[in-house]
Amino acid sequence: AVIDEILGMLVTFLFVPFIVSWPFILAGFVLFRVFDIWKPYPIDMLQVLPGGVGIVADDIVAGIYAGVCLSVIYAVSISL
């Protein structure tokens, strides 16, 4: 299943402006992978949902977590 990873990455980058440099793209990718592998609460509970919903839902929430972290990093970087 690749579509869940793509959706998670897209959700991650919804939180920052479209014009970002490659370090932010790399940071978004790393943050998403960390949350996708680590699966903090409630991501771990979502993957048990029936059918393919759980497979996609956990990556969407991991993307939200990564996106929030990335937007904080972006906000701090432009305020410096």
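Residues numbered from 1 in each chain as written. Predicted model: local features only at pLDDT ≥ 70, side-chain atom pairs only at ≥ 80, totals over all residues. Heavy atoms only, no water.

A look at a nonpolar patch on the surface
Argument step 1. Where nonpolar side chains cluster on the molecular surface, the patch consists of Leu14, Phe15, Ile64, Val68, Val72, Val76 and Leu80 and spans about 690 Å² of accessible area.
Argument step 2. Mapping phenylalanine 15 onto the fold places it in the loop between helix 1 (3–13) and helix 2 (22–38). (Patch = residues over 30% accessible without salt bridge, like charges linked within 9 Å, V, L, I, M, F, W, Y side chains within 5 Å. Areas by Shrake-Rupley, 256 points an atom, 1.4 Å probe, with all protein chains shown as cover. Salt bridge = Lys/Arg side-chain N within 4 Å of Asp/Glu carboxyl O. Helix = DSSP H or I, 4+ residues; strand = E, 2+ residues; numbered from the N terminus.)

Some points on helix 2
Argument step 1. With 17 residues, helix 2 should cover 24 Å at 1.5 Å per step; its first-to-last C-alpha distance of 24 Å lies within 8% of that length.
Argument step 2. For helix 2, every residue scored as buried is listed here: Phe24, Gly28, Leu31, Phe32, Phe35 and Asp36. On an axial view of helix 2, the arc spanned by its buried residues comes to 130°, and they lie on one face. For helix 2, exposure combined with an orientation more than 90 degrees from the buried face picks out Trp22, Ile37 and Trp38.
Argument step 3. Elements that come into contact with the buried residues of helix 2 comprise helix 1, helix 3 (43–46) and helix 4 (53–79). (Expected span 1.5 Å × (residues − 1). Buried < 20%, exposed > 50% of the residue type's maximum accessible area, 1.4 Å probe, protein only. Arc of directions from axis to C-beta. Contact = heavy atoms within 4.5 Å.)

Concerning the packing of helix 2 against helix 4
Argument step 1. Remark: helix 2 packs on helix 4, axes separated minimally by 8 Å, with the N-to-C direction vectors making an angle of 140°. One element, helix 2, and the other, helix 4, form an angle in the oblique class. Of the two possible hands of crossing, helix 2 and helix 4 adopt the one that is right-handed. Residues Phe24, Ala27, Gly28, Leu31, Phe32, Phe35 and Asp36 of helix 2 form the contact with helix 4, whose participating residues are Asp58, Asp59, Ala62, Gly63, Tyr65, Ala66, Cys69, Leu70, Ile73, Tyr74 and Ser77. (Axes fitted to C-alpha atoms, helices over the stretch in contact; angles between N-to-C directions. Parallel < 35°, antiparallel > 145°, perpendicular 65-115°, else oblique. Left-handed = near helix turned anticlockwise from the far one by under 90°.)

Here's the deal with helix 4
Argument step 1. End to end, helix 4 covers 39 Å across 27 residues, agreeing with the expected 39 Å (1.5 Å per residue, within 8%).
Argument step 2. For helix 4, the full list of buried residues reads Gly54, Ala57, Asp58, Asp59, Val61, Ala62, Gly63, Ala66, Gly67 and Leu70.
Argument step 3. In this structure, the buried residues of helix 4 make contact with helix 1, helix 2 and helix 3.

The quantities given are spatial measurements derived from coordinates; they are silent on function.
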